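# A closer look at the structure
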Amino acid sequence: MESSPWRTEQGRRARHNQVVLLARGDGDLADFARDVLAGRAKPEDLLYRSYLSEKTLRTAHTEIDAWNALPEAERQAAVDGAEERTRVEIAELAALDLSQPAPEADDDDDDDHDFGAEFLNSLR
């Protein structure tokens, strides 16, 4: 049985880079990511402790409902392609050079931060 691609050296580097990118943002997922980077939390703590706001949980539930509303054929197609998409995502995340500081945020951006909705959407 093949182990999870996230458990490889490349996968661990990708996960670290993913957390660094999340930590550069705003919202409760960013706060959580900063706690992970500071050693105050582990990624799996998100499953067992209440880190997320009600707004973030509503976003997650909306995404889950959207997934469940998809026709079976679309869900199956997404599942069938998930392994390859995950391997591509891991390779791309692992290849990132995060030694440079994050770009400055555009102060003209009036949008409310998304509390990690973009990340949640990337899981589909």
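Above this note sits the structure.
To start, this report covers the structure provided alongside it.

Cut-offs and rules
- Residues numbered from 1 in each chain as written.
- Predicted model: local features only at pLDDT ≥ 70, side-chain atom pairs only at ≥ 80, totals over all residues.
- Heavy atoms only, no water.
- Helix = DSSP H or I, 4+ residues; strand = E, 2+ residues; numbered from the N terminus.
- Buried < 20%, exposed > 50% of the residue type's maximum accessible area, 1.4 Å probe, protein only.
- Areas by Shrake-Rupley, 256 points an atom, 1.4 Å probe, with all protein chains shown as cover.
- Expected span 1.5 Å × (residues − 1).
- Arc of directions from axis to C-beta.
- Phe/Tyr/Trp six-rings, centres within 6.5 Å; stacked < 30°, edge-to-face > 60°.
- Lys NZ or Arg CZ within 6 Å of the ring centre and 35° of its normal.
- Salt bridge = Lys/Arg side-chain N within 4 Å of Asp/Glu carboxyl O.

With that settled, the discussion passes to the overall build of the protein chain. Per the secondary structure count, the protein chain includes five helices and zero strands. When the helices and strands of the protein chain are placed in sequence order, the string is α-α-α-α-α. Buried positions account for 24% of the 124 residues belonging to the protein chain. In the structure as shown, the protein chain presents an accessible area of about 9,000 Å², 51% of it carried by carbon and sulfur atoms.

Turning our eyes to something else, we now look at helix H3 (residues 54–69). Under the 1.5 Å per step criterion, the end-to-end length of H3 is 22 Å for 16 residues, consistent within 8% with the ideal 22 Å. Listing the buried residues of H3 in full gives Thr56, Thr59 and Glu63. Each buried residue of H3 lies within a common arc of 60° when the element is viewed along its axis, so the set occupies one face. Facing away from the buried side of H3 by over 90 degrees, the exposed positions are Glu54, Arg58, Asp65 and Ala69.

What follows deals with the packing of aromatic side chains. Going through the model one piece at a time under the given rule, you end up with one aromatic pair. An angle of 65° between the planes, with centres 4.5 Å apart, marks the rings of Phe32 and Tyr51 as edge-to-face. On the criterion of sequence distance, the pair formed by Phe32 in helix H2 (residues 28–37) and Tyr51 in the loop between H2 and H3 is long-range, its members being 19 residues apart. Tyr51 shares its class with Phe32; the two are buried. Here the basic side chain of Arg15 rests over the ring of Trp6, its NZ or CZ set 3.9 Å away from the ring centre.

On to the pattern of salt bridges, then. Scanning the entire structure with this criterion turns up six salt bridges. Put simply, Arg34 and Asp31 hold a salt bridge, and the shortest N to O gap is 2.4 Å. Placement of the pair is Arg34 and Asp31 together in helix H2, with a separation of three residues, close to one helical turn.

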